[in-house]
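Read off the chains here:
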Amino acid sequence: MTARATLPYGSWPSPISAADVARARLRLGFPTVHDSDVWWQETRPEEGGRTTVIHLRDGHRTELLPPPWDARTRVHEYGGRSYLPVPVAGGYALVFSHYEDQRLHRLDPGGAKPRPLTPEPAVPGGLRYADYVLSPDGAEVWCVCEGHTPDGIRRAIVAVPLDGSAAQDASAIRELVSGADFYACPAPSPGGGHLAWVQWNHPRMPWEGTELRVATLEDGRAVTPYTVKGGLTESALAPIWRDEESLYVISDWPGWWNIYQVGLHGESATALYPAEEEFAAPLWTLGGMPYALLEDGRLAVLHGEGDMRLGIYDPETLELTDVDVPYEHWQPALSAHGTTVVGIAGGPTTPPTVVRIDTATGRSDALRSELTDLPDAAYLPRPRAEQLEGPFGRPVHALVYPPASPDTEGPADELPPFVVFVHGGPTSRSSSVLSLERAYFTSRGIGVVEVNYGGSSGYGRAYRERLRRQWGVVDVEDAVAAAKALAEGGIADPARIAIRGGSAGGWTTLAAVTQSDVFKAGTSYFGISDLKTFADATHDFESRYLFSLVGPLPGFERAYEERSPLNRADETSCPVLLLQGLDDPIVPPDQSERFAQALAAKKVPHAYLTFEGESHGFRRAETVIACLEAELAFYGQTLGFTPRDVKPITLF
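This one's a predicted model, so the numbers in the text were calculated from it and none came from an experiment. (Residues numbered from 1 in each chain as written. Predicted model: local features only at pLDDT ≥ 70, side-chain atom pairs only at ≥ 80, totals over all residues. Heavy atoms only, no water.)

Some points on the overall build of the protein
For the record, the criterion: Elements are defined by DSSP. Helices are runs of H or I of four residues or more, strands are runs of E of two residues or more, and each kind is numbered from the N terminus. Throughout, radius of gyration means the C-alpha value; the globule benchmark is 2.2 Å times the number of residues raised to the power 0.38. Buried, partly exposed and exposed residues are distinguished by accessible area as a fraction of the type maximum, computed with a 1.4 Å probe on protein chains only: under 20%, between the cut-offs, and over 50%, respectively. The contact criterion used throughout is that any non-hydrogen atoms of two residues lie within 4.5 Å. Computed with a 1.4 Å probe, the accessible areas rest on the Shrake-Rupley method; for each residue, only the protein chains presented here act as cover.
Counting its regular elements, the protein contains 10 helices and 39 strands. Relative to the 2.2 N^0.38 estimate, which gives 26 Å for 652 residues, the radius of gyration of the protein is 24 Å and therefore close to what a compact globule would have. With respect to the three principal axes, the spread of C-alpha positions in the protein is 75 × 60 × 50 Å. The buried share among the 652 residues of the protein stands at 61%. In the protein, of all internal contacts separated by at least 6 residues, the share reaching a separation of at least 24 is 58%. Element-wise, carbon and sulfur atoms account for 49% of the exposed surface of the protein, whose accessible area totals about 24400 Å².

Considerations on helix α4 (residues 474-488)
To keep it simple, the criterion reads: For a helix, the expected span equals 1.5 Å multiplied by the residue count minus one.
Compared with an ideal rise of 1.5 Å per residue, which puts 15 residues at 21 Å, α4 spans 20 Å between its outermost C-alpha atoms and is within 8% of the ideal. Looking only at α4, the buried set comprises V474, D475, V476, D478, A479, V480, A481, A482, A483 and L486. In this fold, the buried residues of α4 make contact with β31 (384-389), β32 (395-401), β34 (418-422), β35 (447-452), β36 (497-502) and α5 (504-515). Remark: G490 follows α4 within two positions and exhibits a positive phi of approximately 70°.

Overview of the sheet that holds strand β23 (residues 299-303)
The pairing of strands in a sheet happens through backbone hydrogen bonds and is either parallel or antiparallel. Let me state the cut-off plainly: Two strands make a pair as long as DSSP finds a minimum of two bridges between them. Structural elements are reduced to axes, namely lines fitted to C-alpha atoms, with helices fitted over the stretch in contact, and the angle between N-to-C directions of any two is expressed from 0 to 180 degrees.
Across the sheet, 4 strands lie side by side as β22-β23-β24-β25; this open sheet has antiparallel pairing. Strands at the two margins of the open sheet, each flanked by one partner only, are β22 (291-293) and β25 (319-322). Averaged over all pairs of adjacent strands, the angle between strand axes in this sheet comes to 25°, irrespective of strand direction.

A short note on the pairing of strand β24 (residues 309-314)
In the sheet, β23 pairs with β24 via 5 bridges, with the strands oriented antiparallel. Within β24, the position partnered with L299 by the bridge is Y313. If you look at the hairpin formed by β23 and β24, you'll find 5 residues sitting between the two strands, and G304 has a positive phi there, around 150°. In textbook terms, the turn of a hairpin is the stretch between consecutive antiparallel strands, and for β24 and β25 this stretch comprises 4 residues, one of which, L318, has a positive phi near 65°.

What to know about the side chain of T638
To keep things clear, this is the line we draw: Here a polar contact is taken to be a pair of N or O atoms separated by no more than 3.5 Å, where protein atoms must pair a possible hydrogen donor with a possible acceptor and residues adjacent in sequence count only if both atoms sit in side chains.
Position of T638 among the secondary structure elements: in helix α10 (residues 621-639). A relative accessible area of 19% places T638 in the buried class. Separated by 2.8 Å, the side chain of T638 and the backbone oxygen of F634 make a polar contact.

Section: unusual backbone geometry
Looking along the chain, the bond that leaves G425 and enters P426 is cis, with omega of 0°. Residues L553 and P554 are joined by a peptide bond in cis, for which omega reads -5°. Structurally, P554 is set in the loop between α7 (545-549) and α8 (557-563). Backbone geometry at F392 places phi at a positive 60°, although glycine is not the residue there. Mapped onto the elements of the fold, F392 is located in the loop between β31 and β32. Residue classification places F392 among the exposed residues on the basis of a relative accessible area of 79%.

A look at the sheet that holds strand β3 (residues 37-44)
Read across the sheet, 4 strands follow the order β2-β3-β4-β5 without closing on themselves; strand pairing throughout is antiparallel. If you trace the sheet from one side to the other, it starts and ends with β2 (27-34) and β5 (60-63), each paired once. If you compare each strand with its neighbour and ignore which way they point, the axes differ by 25° on average. Note that β3 and strand β4 (residues 50-57) share 7 bridges and pair antiparallel. Considered in β4, the bridge of Q41 is made with V53.

Description of the environment of R25
Its place among the elements puts R25 in the loop between α1 (18-23) and β2. The buried category is assigned to R25, whose relative accessible area is 19%. Remark: the alpha-carbon pair of R25 and F618, spanning 593 residues in sequence, is separated by 9.3 Å. Setting aside its immediate chain neighbours within four residues, R25 contacts T43, P45, E437, F618 and V624. Of note is the side chain of R25, whose polar atom sits 3.1 Å from the side chain of E437.

What to know about the nonpolar core
The condition that has to hold: For this analysis, a nonpolar core means a set of buried residues of the types Ala, Val, Leu, Ile, Met, Phe, Trp, Tyr and Cys, connected via side-chain atoms within 4.5 Å.
One finds Y291, V420, W471, F519 and L546 to be the most contacted residues of the largest nonpolar core, which totals 83 residues. The element contributing the most residues to this core is α4, with 7 residues. Core analysis: the second largest hydrophobic core is formed by 41 residues, L371, L436, F526 and C627 among them.

Concerning the packing of aromatic side chains
Selection criterion: Pairing of aromatic rings covers Phe, Tyr and Trp, the last through its six-membered ring, and needs centres within 6.5 Å; plane angles under 30 degrees mean stacked, over 60 mean edge-to-face, and all others mean tilted. Whether a charge lies above a ring is judged from NZ of Lys or CZ of Arg, which has to be within 6 Å of the ring centre and within 35 degrees of the ring normal.
Across all of its chains, the model carries 25 aromatic pairs by this definition. Judged by centre distance (4.6 Å) and plane angle (40°), the rings of W207 and W284 are tilted. Linking W207 in the loop between β15 (194-200) and β16 (211-218) with W284 in the loop between β21 (270-271) and β22, this pair joins segments that are 77 residues apart in sequence. Each member of the pair W207 and W284 is classed as buried. Ring centres of Y440 and F441 lie 5.3 Å apart, and the angle between their planes is 85°; on these two criteria the pair is classed as edge-to-face. Y440 sits in the buried class, given a relative accessible area of 1%. Take F441: its relative accessible area is 0%, and that puts it in the buried class. An aromatic cluster is present here, built from Y78, F182, W200, W207, W284, F541 and Y545 joined pairwise through their rings. Taking the ring centre of Y260 as reference, the NZ or CZ of K229 above it sits at 5.3 Å.

Below is the structure:
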């Protein structure tokens, strides 16, 4: 066995390059199964972030949409599942949203080119579609439609003819349901007599308060709608029809998202498996279902505290049995047909993978992985789940990843630098699934701790609501608590702890470096710096989100001013790296631009890098490479080590 070399932390050689991380930004999403056919979305960084749809039949993978087709929906700006396979003579047609114009298109089996199903809007991208299901008669796609007009944004559940008649005649699209601000999960009953859906209104987000509604279908129209579950302080999600008279739905009214069976008129809401575990995740994107109905009446479910595992629930025996598969966390998007379940799962050394499971035999098959050429597993850090103590004894959930290398170790008299990773959302969470971006740092001798601060999902409603009117306070306190715990435990060098995050994580980063002196460097990817202008300029879906995170306007102007990092730029305690896409509709570029100007005025060392054509969440390979190499160089200069193979960054 070869002795390991001893080198300063941060300067270790690593086989994981920024280009490798960019290639690992391939994103798989929203698998669907019918009979033996499987489809999924595939977003490719080497193609500028274009999303295509893959069809697997008889072991053969076919890319259904070549360039320039881009299957992405912009409903709520975060989108979601952007396609629907439709059974037709000769196989399956593919209905999908095309990113450039946001129109629905149809590609027939063997077809040379997709054809539009919806009209061309007056404003490019002005009509958007998502969350598609096939109508009971198979002649239409029912979905959420989001219309952007000079008078504002309006949403409805609509019926789009599959024959293409609406492409030239908008009146061919029928409106099924309207009147609420937001819609999700349209679900016709098995016999076609009813339609169920989820709706909610401003100022609530879907994890705060939604309604499960049902209407009778008469002559293709939804009439006499009524609420069967949910309310102002209850999040009801993901309806699935059990039969023509009852539904399954996930609700968090007892404090955790659990599965219920409810009668057609809301009677007899019964918890199937009451537990202090989550059976769903926040509804950031549309079209994913965290559970699925098998042909024998059992349910394939995802559940857990933190990471979610796959189980089979039997309504007859009331037993929930976990499936024995080598995956530790599943994304909340399952599909089932017959005895087959497909989903996307991974683990600390397994990248997100499209997995097919035969529940009759227990066999599992990995169909496609986001990363096929893995580095030696010894370079991949294993998480240590920690429940740290925050202010006032509050528990703080975190995943600690020490530096990891099979051939290099740090000096015995030196502690490693660490970076606190802050997830976005903020109602989201970090999972233990393999991240090559994380390994990019740990394999070089830089530790990582991912903090699921108060407000994160996965730990029940009370933990989520810890952030209520406390954004910029609790998240910062929990990030600081994690950093201090590592330093006090002799795990991290207290003089070399950085913080980084994107979007809401960027906000927490900027708030942390302007409120404390714990961090010696901060990196913000498209982070928020000024709450008031963000509230005025951001997109409709999140336009009232700050009302619960900080407070309603008018009324809480002082809190908005006091917490905004832009107004505290002169208190910035360390150098800052700002990274921003110039086409970002969610966090506009002026959020980073104005903070950079404030840092310059106060002569705080900083760098501000912008990227044309990038939106919210960088998708292009060249952008990912540039950002990671700049970030590594930035930490080298600010935390006192010399990283390999990256150019120094200029700080102003």
